[in-house]
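For reference, the chains in residue letters:
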Amino acid sequence: MATLLQIHEPGATPEPHVDDSALAIGIDLGTTNSVVALSSDTKPEVIRGEDGIALVPSIVAYAPDGSAIVGQLAKTLLLDRPEAVVSSVKRLMGRGAADLKKLAGQLPYDLTDDAGEGMVRLNVAGKSLSPVEISADILRALVERAEEQISAKVTKAVITVPAYFDDAQRTATKDAAKLAGLEVLRLVAEPTAAALAYGLDHDAEGLYAVFDMGGGTFDVSLLQMQKGVFQVIATGGDAALGGDDFDHAVAEHFLSSRASDLGEVEISSSEAKVALMTGRIAKECLSHDESGEWVIEAGGQSTRHSLDRETLNGLIEPLVAKAINTCREVLLDGAVETSDIKGVVMVGGSTRVPLVRTEVAKFFDTEPLSNIDPDEVVALGAALQAEALTQGSDTLLLDVIPLSLGLETMGGLVEKVVHRNTTIPVAKAQEFTTFKDGQTAMSIHVVQGEREMVDQNRSLAQFVLTGIPPMTAGAARIRVLFQVDADGLLIVSASEDSTGIESKVEVKPSYGLSDDEMATMLRDSMQHAEEDMQLRLLGEARVEAERAMSAVEAALKADCRLLDDGEKAAIGNQIDAVIQAVRGTERDLINTEVEKLDEVSRPFAEKRMDKGIREALAGVSVEKLEDGFTGES
């Protein structure tokens, strides 16, 4: 039967990519924490866990059986089993070993010997893992959270990246999503997503600055909003500056005094991880307290360390100054004054640090906008964009490329073809010629960065154009075309005008995964999906069992005199039953034995509570108690 023509009112024709049945989420894949959100009818909401918390710590713990535990549970294991836990992996995306920052002469990661010149690989719990694989585990956990909430399969997402991520880092992010079974509808710059979440595209017009400082990256962008279209005018930043660096500064301070106390010479990677976590906790506490004291316990030795906000400000002031200087440079790039800025949007958990907020307000001479949680705003914007790409939208995003793209020319010089802050998607071509008589081939070396010499920039790809007709030097016309898509990813092609011969490369940085590696990983993940899920659930059950036993054993150590011999024996026998279950592979049995331990120890917990109440009321008269109750009522 013939189908009737579909006739629509002018301007109401559905966009070709719109799919009413599609369900896509927005993901902020962060250095310290990650967030997933979903938007319906342009009303985005973050997806929270059972505890009501939206933030999923970007921390992965690996059990000896290979199962991965992501989030808060992995965070609790960081202090107990640091050698099996990875945090801040986003800082390693698209990076080589030479890019890593050391802490007191020691990397907070154990690199494998086969790291080579490509992306670093980490030795975690006896496994060699790339940052892409670890990030894929985080993405899987976020997808699982979303699927549990909405009771539907999720295969599509918009993922945010720092505006200053280069091609290698963007490619690594896409690889991680692909490995996690996600189709990436779009990689959106975090500042752009934040502006979407604030509704600046609907409710405001003019020039806004987005100051985005997360755990591992920092960038600042200028966005011009006008009638549903907002364009990034200029962007700048540092893909290796953020809250982690504040943590490093505090940890270095603590480790210095620890070394003095203990007379240590070498710092282990586990000790560095514990110091970093302690530094992070201290920084977060000093965001609302004036001073505090913390303990570093590693290698069987404990040290106490005090810190106040004034000292913290002194430690991080050079880092904050570096960020403010970047703001100054971006204003120069955009040819605007601070007086032209209508508002400043604060994004990222590190903007909670009082010194950061104070210095930003001082520089822009205005109090920053902060009516949306800075930890959640990026994911909310990503969810809005995900809805727009599947359901349609009147909003147009015009992002820019953060770093210039160019080619190597004679003498190791760089000829820039696509300059930084060029609006994307973009296609730009430039003509080159041969250097020698009779030259029949030309090597094309693609680089990214702002420096003038090739070795000062990031090498992205190399390929050779062959079949050039032999001519005198300078006679051939070689046209090199750079095409950057909406995700900021690059395709380069070269052609010779007289013959029309062409060579092309979809740039796959050396820090990414090869197609063969990706295919193998995807095949393995599909083949072992059910097995991997069971291993993960088993690993979580074992961890919870160990925590339950530790709590009961600590209580016994403190108050065993409250129990008679029979009660002690019952609890001891049940602890033995839990230990036996943990040694096995039956998750249900482990959970059952833990529940029995909870039941058998409940009377003990009640006795401890009664004891605590008695101690609190010791020496208090009945009359005083009655007066207190009367006063409360």
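This text follows the structure it describes.
Quick caveat: nothing in here was measured; it's all calculated off a predicted structure.

Definitions and cut-offs
- Residues numbered from 1 in each chain as written.
- Predicted model: local features only at pLDDT ≥ 70, side-chain atom pairs only at ≥ 80, totals over all residues.
- Heavy atoms only, no water.
- Helix = DSSP H or I, 4+ residues; strand = E, 2+ residues; numbered from the N terminus.
- Expected span 1.5 Å × (residues − 1).
- Buried < 20%, exposed > 50% of the residue type's maximum accessible area, 1.4 Å probe, protein only.
- Contact = heavy atoms within 4.5 Å.
- Core = buried A, V, L, I, M, F, W, Y, C linked by side-chain atoms within 4.5 Å.
- Pairing = 2+ DSSP bridges.
- Axes fitted to C-alpha atoms, helices over the stretch in contact; angles between N-to-C directions.

### Considerations on helix α2 (residues 131-150)
- Relative to the 28 Å expected for 20 residues at 1.5 Å per residue, α2 spans 29 Å between its end C-alpha atoms, a close match to the ideal helical length.
- The buried fraction of α2 is high, at 14 of 20 residues.

### Some thoughts on the side chain of T278
- Along the chain, the position of T278 falls in helix α7 (residues 269-285).
- Exposure remark for T278: the relative accessible area of 6% places this residue in the buried category.
- Dropping the residues within four chain positions of it, T278 is found in contact with F254, W294, V295 and I296.

### Some thoughts on the nonpolar core
- Counting residues in each nonpolar core, the largest one holds 44 residues, and the members touching the most others are F211, L222, V356 and F364.
- Where this core is concerned, the elements lending two or more residues are β12 (206-213), β13 (218-226), α6 (243-262), α7, β15 (291-298), α8 (309-333), β17 (343-347) and α9 (354-364).
- No other element matches α8, which puts nine residues into this core.
- Look past the residues within four positions of L222 in its chain and what remains in contact with it is L207, Y208, A209, Q231, V232, I233, A234, V330, L331, G334, V336 and I341.
- Ranked by size, the runner-up nonpolar core spans 42 residues in total, among them L92, M93, A141 and V161.

### Let's talk about the environment of K153
- Inspection of the secondary structure puts K153 in the loop between α2 and β10 (156-161).
- Classification of K153 as exposed rests on a relative accessible area of 65%.
- Once the C-alpha coordinates of K153 and A24 are considered, the two residues, 129 residues apart in sequence, prove to be 9.7 Å apart.

### Considering the sheet that holds strand β7 (residues 85-87)
- In spatial order, the strands read β6-β5-β7; together these three strands make up an open sheet with antiparallel pairing. Because the sheet does not close on itself, it has two edges, and the strands there are β6 (68-70) and β7. On average, adjacent strands in this sheet sit at an angle of 20° to one another, irrespective of strand direction.
- Judged from the three bridges that link them, strand β5 (residues 59-62) and β7 form a sheet pairing that is antiparallel. Counted as the bridge partner of V60 is V86 from β7.
- The sheet contacts of α2 involve β5, β6 and β7, and relative to β5 the element is tilted by about 105°.

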